[in-house]
Amino acid sequence: MTTYRIRVGFHNPSALTFLQLNELLEPRRFCRLSSYGEKFRCYIEYEYQSEVHDYCSVCQLAWTQACKVKRNPLVLVEVKNV
């Protein structure tokens, strides 16, 4: 099983932006790593585990869902070393 760390960021986001993103990503088995707090600024981190999806399909899945919340998201995906 491959574990991915995903950061999704937006230009000038509101708390509602990230709540909406959570509602879209959690049913797709994305686990939120960072919480809302002092360190929370323009991005939020998720973790995703999959045996079937490859790097490109995880990027596309995260980007497509983030686009439903707000235009032009920045999505960074990396394979996590376990």
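One can find the structure itself at the top, above this paragraph.
Basis of the calculations
- Residues numbered from 1 in each chain as written.
- Predicted model: local features only at pLDDT ≥ 70, side-chain atom pairs only at ≥ 80, totals over all residues.
- Heavy atoms only, no water.
- Phe/Tyr/Trp six-rings, centres within 6.5 Å; stacked < 30°, edge-to-face > 60°.
- Helix = DSSP H or I, 4+ residues; strand = E, 2+ residues; numbered from the N terminus.
- Buried < 20%, exposed > 50% of the residue type's maximum accessible area, 1.4 Å probe, protein only.
- Salt bridge = Lys/Arg side-chain N within 4 Å of Asp/Glu carboxyl O.
- Pairing = 2+ DSSP bridges.
- Core = buried A, V, L, I, M, F, W, Y, C linked by side-chain atoms within 4.5 Å.
- Contact = heavy atoms within 4.5 Å.

Visitor: What am I meant to see in the packing of aromatic side chains here?
Guide: Two aromatic rings, taken as a pair, are described by how far apart their centres are and by the angle between their planes. One pass over the structure, following the stated rule, counts 3 aromatic pairs. Taking 6.3 Å as the distance between ring centres and 90° as the angle between the ring planes, the aromatic pair formed by phenylalanine 30 and tyrosine 46 counts as edge-to-face. Residue phenylalanine 30 is found in the loop between α1 (15-25) and β2 (31-32), and its partner tyrosine 46 is found in strand β3 (residues 43-50); the two are separated by 16 residues along the sequence. Judged by relative accessible area, which is 0%, tyrosine 46 ranks as buried.

Visitor: Looking at this structure, how should I read the pattern of salt bridges?
Guide: Under the criterion given, the structure shown has 4 salt bridges. Between arginine 5 and glutamate 45 there is a salt bridge, with the nearest N and O atoms lying 3.6 Å from each other. A residue pair is termed long-range when its members are at least 10 positions apart, and arginine 5 in strand β1 (residues 2-9) and glutamate 45 in strand β3 qualify at 40 residues. Take arginine 5: its relative accessible area is 25%, and that puts it in the partly exposed class. Two residues, glutamate 78 and arginine 5, come together in a salt bridge whose shortest N-O distance is 2.6 Å. Taken together, the residues glutamate 78 in strand β4 (residues 74-79) and arginine 5 in strand β1 connect sequence positions 73 residues apart. Here the salt bridges do not stand alone but share partners, grouping Arg5, Arg7, Glu45 and Glu78 into one network.

Visitor: I tried to follow the pairing of β1 on my own but got confused; where do I start?
Guide: Taken residue by residue, a regular strand's side chains alternate between the two faces of the sheet. As paired strands, β1 and β3 are joined by 8 bridges and run antiparallel to one another. Each residue of the ladder has a partner; that of valine 8, found in β3, is isoleucine 44. Bridge analysis of β1 against β4 gives 6 bridges, and the strand direction is antiparallel. Bridge assignment links tyrosine 4 to a residue of β4, and that residue is valine 79.

Visitor: Can you walk me through the nonpolar core in this structure?
Guide: Within soluble globular proteins, side chains that are nonpolar tend to cluster in buried spots. Membership of the largest hydrophobic core comes to 17 residues, with the highest contact counts inside it found for Ile6, Val8, Phe10, Leu21, Phe30, Tyr46 and Val75. Within the residue set of this core, elements represented by two or more residues are β1, α1, β3, α2 (55-69) and β4. At 4 residues, the largest contribution of residues to this core is made by α2. Setting aside its immediate chain neighbours within four residues, valine 8 contacts Phe18, Leu21, Cys42, Tyr43, Ile44, Tyr46, Ala66, Leu74 and Val75.

Interpretation note: all reported values are geometric properties and have no functional meaning in isolation.
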